[in-house]
Amino acid sequence: MRTWFAPDEAAEFAAAKAVLLRRCLVWAGERGHPADELLISAAVDSRHHSRDGRLAYWDDAQIRRFLLAWVPKQVVAPREVLDLAPDVLRTYVRYLAATGLRDPRGCTPEQADAAIARAAVPFRRTLDAGRTDADHHVLEELLEARFTEPALSLDETRAAARPPIALPPPADLTAAAARSVTVQHLTALAIGTGDVSAAPDLPLLRAWADAMGPCAADLIEDQEALWRRAFDVLPELSRGAATALPRLFGRLLPVVLDTLYGMDDVPLARLEQIARPACRQGFDENLARETRRHCLARDLARTLEVLSDLGAVELTRGPILPLHTDAGLFREDDYLESTDLAPLARLTPLALRAVRERLLADGHDAPLLGELATAEPAELLGVLTQHYPPREAAAELNGWLSRPGQDVECLLRAVSACPFRSRATAMLGVLVDALPQGGVLLRELRHDLILGPTALTLLMDVGEVEPMGLGQREHLLLGAENFLTMLEVGGPQALIAQLRGLAGREAYRFVESVLASGHHDDEGMEDLRDLVAEPLRLTYSPGPA
């Protein structure tokens, strides 16, 4: 069970959504929690059609977006149904936590409860906006809310996935801010010490100080805060300091920050190539191509120099790695013709932290190594399977295991308790891939009463087990595991069609034998019986004599 899908994975998303709805409604009904299929469906849709697309991630901003924008604008239902939205959302978040699906970087159920409570009054105000017979006092409240509630947009373009980054300890970041040449010059400019008047960038420094505003003087004693403020005003600095900055600075700044984020060393030639489309409109169309390239290279170099003085970019020289030359990233005339080292750039930890904070504020998923150090085992493995490359997943997992009371047995219990077969396979896979003894562990788990079918699936995938080497019981358990996974991933109609294509009129008997395998997933087997076996039985059962 994945909880993230690309925008073009419509069929996969629809199948996962159907499983979520069905299971959540059953779970809520058994516990007497408020639930409504239309509203749970809307909650899933609101997260899928968002900047990050994480179905199981809910924070204060996403709770407000769902209640104050998505439900009023996207859900058509009687008012008595819409009024249930806060309580149904509360149920859905609790279900995610109870089944290990919750993204631990979002709200806990308790935090979500508080956020939903805070949004309840403006939510009902928003619903009241649809009343044509609203009285004078209600209209006054709505007008007030319009100016006090932050704008919530449903028009969010899905963002590209961001790689996990690592940051040094806070003390190192504080020291780095104090070493910033720009911070030192701004401090000297503010307190009138040092020979700042001789600085070649004095017009830029003055423009920078003006952009930072009166608060800059108050930050002199906190140079890390001064650095943050200097970084934050970079976009407006590009507008207010045109004479002190290269003409293309405003276009180049976002390209540089976005391209370098999460990367090691990037060749300046590669940066220039990426920047060309963004800067194309900044040139006179009559300029020759080589002139445009020269101007772009000059402005890029100056932009990087400004960022380097600030302490946001580190400029070095080194070899161009194959990563930067594969797949046509460079044209033939971009390659170095000598063995000289190429100029390279990377973001400093200070800039990485600042850019990440911007990304998070804008609703992006921007993983940070170490942020899952205390996550629940199931939630940890769930995030690693979907949002972390193998190397970073291993680093995060090893960091988690280094804390007292957190061990491999905890993680195996989480995989055993997972109520979704496809998710359990992914969780066990990321675990064994990250552990040095992962292969040995996987072979041992083949005989586990609960994890055996999952381990068999992974062993088959890597070619360690052949179908001919399985006994009858393992054949049936593996068949059940595969059917349950296909049911989750593709939905019942796709599984029925596949079974009919493989077994024809024997499809029902095939499923019936799998249902008798003794597979431990009772909930999944019940779905298989009701959604697949029963339709096949009705299709192929003989008529009356």
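Because the structure is predicted, anything quoted here is derived from the model rather than measured.

A word on the overall build of the protein
And step 1. Counting its secondary structure elements, the protein contains 27 helices and three strands.
And step 2. The 545 residues of the protein split such that 49% are buried.
And step 3. A separation of at least 24 residues holds for 70% of the contacts in the protein among residues at least 6 apart in sequence.
And step 4. Counting only carbon and sulfur atoms, one obtains 54% of the accessible surface of the protein, whose full area is about 26600 Å².

Details of the pairing of strand E3 (residues 342–347)
And step 1. In the sheet, strand E1 (residues 266–267) pairs with E3 via two bridges, with the strands oriented antiparallel. Paired with Val-266 across the bridge in E3 is Ala-345.
And step 2. Summarising the sheet, strand E2 (residues 313–318) and E3 pair through six bridges and their orientation is antiparallel. Looking at E3, one finds that Leu-315 is bridged to Ala-345.

Quick notes on the sheet that holds E2
And step 1. Taken together, the three strands give an open sheet; going across it, the order is E1-E3-E2, and neighbouring strands pair in antiparallel fashion. The open sheet is flanked by E1 and E2, the only strands paired with a single partner.

Quick look at the packing of aromatic side chains
And step 1. Enumeration over the complete set of coordinates arrives at six aromatic pairs.
And step 2. Taking 5.9 Å as the distance between ring centres and 80° as the angle between the ring planes, the aromatic pair formed by Trp-58 and Phe-66 counts as edge-to-face.
And step 3. These aromatic residues form a ring-pair network of at least three members: Trp-58, Phe-66 and Tyr-92.
And step 4. Here Arg-47 stacks its cationic end above the ring of Trp-58, 5.9 Å away from the centre of that ring.
And step 5. Above the ring of Tyr-57, the side-chain terminus of Arg-54 is found at 3.8 Å from the ring centroid.

Quick notes on the nonpolar core
And step 1. Grouped together as the largest cluster of nonpolar side chains are 82 residues, with contacts concentrated most on Trp-58, Phe-66, Leu-67, Leu-89, Tyr-92 and Leu-428.
And step 2. Among the elements that make up this core, the one with the highest residue count is helix H1 (residues 10–31) (eight residues).
And step 3. Ignoring sequence-local partners within four residues, the contact set of Leu-67 consists of Pro-72, Ala-85, Pro-86, Leu-89, Ile-116, Ala-119 and Phe-123.
And step 4. Counting 55 residues, the second largest nonpolar core, distinct from the first, contains Trp-227, Ala-230, Phe-231 and Leu-310.

Notes on helix H14 (residues 249–260)
And step 1. Here H14 contains 12 residues, and its C-alpha end-to-end distance of 16 Å stays within 8% of the 16 Å for a straight helix at 1.5 Å per residue.
And step 2. Phi for Gly-262, located one or two positions after H14, is positive at around 75°.

Quick look at the side chain of Gln-406
And step 1. Within the fold, Gln-406 resides in the loop between helix H19 (390–401) and helix H20 (408–417).
And step 2. We classify Gln-406 as buried; its relative accessible area is 15%.
And step 3. Of note is the side chain of Gln-406, whose polar atom sits 2.6 Å from the backbone oxygen of Trp-400.

With respect to the packing of helix H21 (residues 421–434) against helix H24 (residues 472–490)
And step 1. For the pair H21 and H24, the least separation of the axes is 7 Å and the interaxial angle reads 110°. By the angle between their directions, the pair H21 and H24 is classed as roughly perpendicular. In this structure, H21 contributes Arg-421, Ser-422, Arg-423 and Thr-425 to the contact, and H24 contributes Glu-481, Leu-484, Thr-485, Glu-488 and Val-489.
And step 2. The residue makeup of the contact of H21 with H24, split by class, is two nonpolar, three polar and four charged.

Quick word on the environment of Val-75
And step 1. With respect to the secondary-structure elements, Val-75 resides in the loop between helix H3 (60–74) and helix H4 (79–82).
And step 2. Between the alpha carbons of Val-75 and Leu-39 there is a distance of 7.8 Å; along the sequence they are 36 residues apart.
And step 3. Those residues in contact with Val-75, other than ones at most four positions away along the chain, are Leu-38, Leu-39, Ala-42, Trp-70 and Leu-82.

A look at the side chain of Thr-91
And step 1. For Thr-91, the location among the structural elements is in helix H5 (residues 85–98).
And step 2. For Thr-91, a relative accessible area of 1% translates into the label buried.
And step 3. From its side chain, Thr-91 meets the backbone oxygen of Pro-34 in a polar contact 2.7 Å long.
And step 4. Leave out the neighbours within four places in its chain, and Thr-91 touches Trp-27, Ala-28, His-33 and Pro-34.

As for H19
And step 1. A rise of 1.5 Å per residue sets the reference length of H19, with its 12 residues, at 16 Å; its end C-alpha atoms lie 16 Å apart and thus fit the reference within 8%.
And step 2. Those residues of H19 that are buried lie in contact with helix H18 (377–387), H20 and H21.

With respect to the pattern of salt bridges
And step 1. Using the criterion set out here, one finds 39 salt bridges in the structure.
And step 2. The shortest N-O distance in the salt bridge between Asp-265 and Arg-346 comes to 2.8 Å. Here Asp-265, found in the loop between H14 and E1, pairs with Arg-346, found in strand E3; they are 81 residues apart in sequence, far enough to count as distant.
And step 3. Look at the salt bridges and you will find they share partners, linking Arg-47, Asp-52, Arg-54, Asp-103, Arg-105, Arg-356, Asp-365 and Glu-371 into a network.

Criteria and cut-off values
- One numbering rule holds for all chains: residues counted from 1, following each sequence as written.
- Local features in this predicted model are restricted to residues of pLDDT 70 or higher, and side-chain atom pairs are both shown and tallied only at a pLDDT of 80 or more, whereas totals for entire chains, interfaces and linings draw on every residue.
- Note that the side-chain values use all heavy atoms of the structure and ignore hydrogens as well as water.
- Where helices and strands are cited, they refer to DSSP runs of H or I of at least four residues and of E of at least two residues respectively, numbered from the N terminus.
- Accessible area is worked out with a 1.4 Å probe on protein chains only. A residue is then buried under 20% of its type maximum, exposed over 50%, and partly exposed in between.
- Two residues qualify as a contact provided that any one of their heavy atoms is within 4.5 Å of a heavy atom in the partner residue.
- For the accessible areas, the method is Shrake-Rupley and the probe is 1.4 Å, while residue cover comes only from the protein chains on display.
- When DSSP finds two or more bridges between two strands, those strands count as paired.
- Between the rings of Phe, Tyr and Trp (Trp by its six-membered ring), a pair exists once the centres lie within 6.5 Å; its type follows the angle of the planes, with under 30 degrees stacked, over 60 edge-to-face, and the other angles tilted.
- Each ring is checked for a lysine NZ or an arginine CZ that lies within 6 Å of its centre and within 35 degrees of its normal; such an atom marks a charge sitting over the ring.
- We call a set of buried Ala, Val, Leu, Ile, Met, Phe, Trp, Tyr and Cys residues a nonpolar core when their side-chain atoms join them within 4.5 Å.
- Expected span of a helix, by definition, is 1.5 Å for each gap between consecutive residues, and there is one gap fewer than residues.
- Polar contacts here mean pairs of N or O atoms no more than 3.5 Å apart (in protein, one a potential hydrogen donor and the other a potential acceptor; neighbouring residues in sequence count only if both atoms are side-chain atoms).
- Only the stretch in contact is used when a helix axis is fitted, and all axes are lines through C-alpha atoms; the angle between N-to-C directions ranges over 0 to 180 degrees.
- Orientation categories follow fixed angle ranges, with anything under 35 degrees roughly parallel, anything over 145 roughly antiparallel, 65 to 115 roughly perpendicular, and all other angles oblique.
- Note that Gly is not counted as nonpolar here; it falls among the polar residues with everything else outside the nonpolar set of Ala, Val, Leu, Ile, Met, Phe, Trp, Tyr, Cys and Pro and the charged set of Asp, Glu, Lys and Arg.
- A pairing counts as a salt bridge when a side-chain nitrogen of Lys or Arg comes within 4 Å of a carboxyl oxygen of Asp or Glu.

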